[in-house]
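Listed below, chain by chain, are the residues.
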Amino acid sequence: MHGFHSKNDKKTIEYITIESDKLEAEAIHTNEQLLAFNVRSKDVNWHEYTTPKKPRSAPVYLQRQFNLISNYREPIGNHNRRKVLLCHDMMGNYLEDRHYHSSKKYDDYRFYHWSAVDYFCYFSHYYITIPPCGWINAAHKHGVSVLGTFITEGADGSKRLHDILASTEMIDNIVDAMVKLCKHYHFEGWLINIECKVESESMENLYYFLNRLRECVEQHVEAGVVFWYDSVIETGQLSWQNELNAKNVRFFRSTHATLINYSWDDRSLEQTRSLCEQERAHSQSVFFGIDVFGRNQIAKFQSKRTLARIAKNRFSVGIFAPAWTYETLQQFGYNIKQENGDDAVNETFLLRNEKFWWLLWDHLATHPYNSLAFYTDFCMGSGKRSYVCGLPKATVEEGSEAAAAAGGVSESEGFFNLSRQSLQPSVPLHDLATRHYDDAFNGGSCLRISQCDSSFRLFVTDFKLPGGGLVFAYAYKLNPQDGEFDCILRFCTSNNARDCYLFLGDYYDTVSLQRGRCYVSPFKPKYNELLSGSLECPQIPKDMAFPDFQANGWRVRYYVVEFDGGIQVKDIGVLYRKTPEAKDTAYLGAVYLNEFNVNHHDFPVDSNIALIQVYGGDLLN
């Protein structure tokens, strides 16, 4: 943290303590507080703590989304694009997740299926809900836009709204303050939830507020967006319509999208489609709600049935309260409020959560990863302890007193910090792999492979390598008697010819075969130093590939591959071949992929660079 000089510097410790307090997320409760920007973190430069939103490729609909051999991707356009708003409302929110620094509660609720989500809303019943930094960072790292919540409900909310709508001058000031919050904390917009009656004479000013907010967010916030929640109608009465119709269409026109209350039926879908056609508006701007707890819809583990009805009509979906998979553990005797976390809670939540999203995925679009260099260590933003290069990080570094004063915890203890969440698999891994918290290569967890003798997809990608060269590395743990392990890249030529597969395992030599398959040997570890200066991944050290260097059983393989033309990598998958006498399974701790130009290096002939002809050879035949 900035300002740290010495563990004996008491003034520095005091400064960091103050800074840490300011880094805690908080809600805003009054108009006066909002207009005065009266928050503890008003003097903090959040650029230092937030991750910019990453660019994304256009999403795809996958057929047999977990089968790596299945290469079918449904093209997406305005005729079939459906989006996802994830509205996170868990026990009032602002729990342990409000802290910028780590807490010890490693089993707390995490969301990690970001590849299917377009917008994430941090929801609470406070007046102005500012999303915590950890949620912003986890979402942005995956290219997801983040929304705060503006809500007025009850007598106090009604009074606040009445004061705002009293004049256009007051509205302008409130809008400017809301935009300032977006820019200061680096989130993209707002969900507007007016759940109180509006006086009829104030309705025009309510529309002015929405239009003004939309225009200012568009102008001043990158990728800015404003959602309206189906609540009040044209007369100002609080009357949830559960559809788009003449009573609420003007709110739809004044904002970017509308979240429909979750008590809709099939007639609501038909009515809304008719109005969208009348308005000449894309149906993807209407998000039909599903409350996962099941209020007024078939939900919980049957949510797929409700989502299927929405998808059939080409509408987007708003998934409300996805932490149902975590909160309801209490009904089965689990204590989800233990300060230091609990193994049983963590394992059961992860199993339930994977099953829930696996059931939905047929109707969700998947955003491919498209930015190189690509690296993940699968850390979910929590752990029972922290690992670095396969070894537990026993204590915090020099300056531990200052770090503790700043709100950090010993790295030998559990942590929950969503800012530390790494890039996550593109699809749920139900029955394929589990999140393993008793070991890791980096961060707090790794993948424990459950599926054997059949490949499966981990990452959907859109990596274009016009130069035709790549370097790939992965950290894995596998006892020799338990089997063999490969990572697999599915790729095509730049002219989109048929798909080919690179099997990156431990082979005697690189072998190209017909039918689009090539088996590649690891780069010779004794030449790894020649890769220095060409990699952007210090998290996977090159010396760990040497046979006599292991860290707690973890090993690293590097691969350098040169093609005779540009390629596009579409998927990263794995294949674990289990032996009959196996006592354990394979573990995957990290994956790295980047472009690589072999011509810029002078590698020995026996270095095991794979030279593969996909344009002039027989690989495509």
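Computed from a predicted structure; not experimentally measured.

What follows deals with the overall build of the protein. Counting secondary structure elements, the protein contains 12 helices and 28 strands. Dimensions of the protein along its principal axes, counting C-alpha atoms only, are 80 × 65 × 50 Å. Buried positions account for 60% of the 621 residues belonging to the protein. Of the contacts formed within the protein by residues at least 6 apart in sequence, a portion of 78% connects residues at least 24 apart. Accessible surface for the protein amounts to roughly 24800 Å². Of this, 47% is attributable to carbon and sulfur atoms. Averaging the positions of the 64 positive and the 76 negative side-chain charges in the protein gives two centres separated by 4 Å.

Attention now goes to the layout of surface pockets. Picture a little ball the size of a water molecule; that probe, rolled over the atoms, points out where space is still empty. One number sums up the size of the second largest pocket: a volume of about 560 Å³. In this structure, the second largest pocket is lined by 25 residues; those nearest its centre are Lys54, Lys141, Ala373, Tyr375 and Leu423. Per-class residue counts for the lining of the second largest pocket are nine nonpolar, 10 polar and six charged.

Within the secondary structure, arginine 81 is located in the loop between strand E2 (73–74) and strand E3 (84–88). Along the chain, arginine 81 and leucine 364 lie 283 residues apart, while their C-alpha atoms are 9.9 Å from each other. Beyond its immediate stretch of four places on either side in the chain, arginine 81 contacts Pro59, Tyr61, Ile76, Asp118, Gln284, Arg314, Ala365 and His367. Only 2.5 Å separates the side chain of arginine 81 from the side chain of aspartate 118, close enough to count as a polar contact.

Let's shift gears to the pattern of salt bridges. Under the defined criterion, the tally for this structure stands at 27 salt bridges. Ionic pairing is found between arginine 40 and glutamate 24, a salt bridge with its closest N-O pair at 4.0 Å. You can see arginine 40 sitting in the loop between helix H2 (31–35) and strand E1 (61–62) and its partner glutamate 24 sitting in the loop between helix H1 (10–22) and H2, a full 16 residues away along the chain. Arginine 295 is the partner of aspartate 291 in a salt bridge, and the nearest nitrogen-oxygen pair spans 2.3 Å. When salt bridges that share partners are traced, they join Arg457, Arg490, Asp499, Lys570 and Asp571 into one network.

So, about the packing of helix H9 (residues 303–312) against helix H11 (residues 343–360). Axes are the key here: two packed helices are described by the angle between their axes and the distance separating the axes. At a minimum axis separation of 9 Å, H9 and H11 run at an interaxial angle of 30°. It follows that H9 is roughly parallel to H11 by the angle criterion. Considering only the axes of H9 and H11, their crossing is right-handed. Judged by residue contacts, Ser303, Lys304 and Leu307 of H9 engage Phe356, Leu359 and Leu360 from H11.

It is worth spelling out the side chain of serine 382 at this point. For serine 382, the position within the fold is in strand E13 (residues 382–383). A polar side-chain atom of serine 382 sits 3.3 Å from a polar atom in the side chain of arginine 110. At 2.7 Å, the side chain of serine 382 and the side chain of tyrosine 437 are in polar contact. With residues near it in sequence (within four places) discarded, serine 382 still touches Tyr106, Arg110, Phe415, Phe416, Tyr437 and Gly444.

For the protein, the average pLDDT comes to 90, and 91% of its residues sit at 70 or higher. Contacts of residues 1–18 to residues separated by more than four positions or lying in other chains number 27 contacts, the stretch itself having pLDDT below 50. In the model, residues 395–409 has pLDDT below 50 throughout and makes 27 contacts with residues more than four positions away in sequence or in other chains.

The subject of this paragraph is the packing of aromatic side chains. Summed over the entire model, instances satisfying the criterion amount to 46 aromatic pairs. Their ring planes at 40° and their centres at 5.0 Å tell us that tyrosine 207 and phenylalanine 251 sit as a pair that is tilted. Placement of the pair is tyrosine 207 in helix H6 (residues 203–220) and phenylalanine 251 in helix H7 (residues 249–254), with a sequence separation of 44 residues. The same class applies to tyrosine 207 as to phenylalanine 251, namely buried. Three or more aromatic residues joined by ring pairs make a cluster, and in this case those are Tyr109, Phe111, Trp114, Phe120, Trp135, Phe301, Trp324, Tyr326, Phe349, Phe356 and Trp357. Looking at arginine 160, its charged tip hangs above the ring of tyrosine 127, at a distance of 4.8 Å from the centre.

Take the state of the cysteines next. Throughout the structure, instances matching the rule amount to zero disulfides. Counting only cysteine sulfurs, cysteine 216 is the nearest neighbor of cysteine 182, a cysteine outside any disulfide, at a range of 11 Å. No disulfide involves cysteine 389; its sulfur sits 9.4 Å from the nearest other cysteine sulfur, which is in cysteine 537.

How each quantity is defined
- Residues numbered from 1 in each chain as written.
- Predicted model: local features only at pLDDT ≥ 70, side-chain atom pairs only at ≥ 80, totals over all residues.
- Heavy atoms only, no water.
- Helix = DSSP H or I, 4+ residues; strand = E, 2+ residues; numbered from the N terminus.
- Buried < 20%, exposed > 50% of the residue type's maximum accessible area, 1.4 Å probe, protein only.
- Contact = heavy atoms within 4.5 Å.
- Areas by Shrake-Rupley, 256 points an atom, 1.4 Å probe, with all protein chains shown as cover.
- Lys, Arg positive; Asp, Glu negative; His and termini not counted.
- Charge placed at Lys NZ, Arg CZ, Asp CG, Glu CD.
- 1 Å grid on protein atoms, 1.4 Å probe; cavity = no way out; pocket = protein on both sides within 12 Å on 5 of 7 lines; lining within 4 Å.
- Points joined across faces, edges and corners; volume = space filled by probe spheres on them.
- Nonpolar A, V, L, I, M, F, W, Y, C, P; charged D, E, K, R; others polar.
- Polar contact = N/O pair within 3.5 Å; in protein donor to acceptor, adjacent residues only side chain to side chain.
- Salt bridge = Lys/Arg side-chain N within 4 Å of Asp/Glu carboxyl O.
- Axes fitted to C-alpha atoms, helices over the stretch in contact; angles between N-to-C directions.
- Parallel < 35°, antiparallel > 145°, perpendicular 65-115°, else oblique.
- Left-handed = near helix turned anticlockwise from the far one by under 90°.
- pLDDT = per-residue confidence, 0-100.
- Phe/Tyr/Trp six-rings, centres within 6.5 Å; stacked < 30°, edge-to-face > 60°.
- Lys NZ or Arg CZ within 6 Å of the ring centre and 35° of its normal.
- Disulfide = S-S within 2.5 Å.

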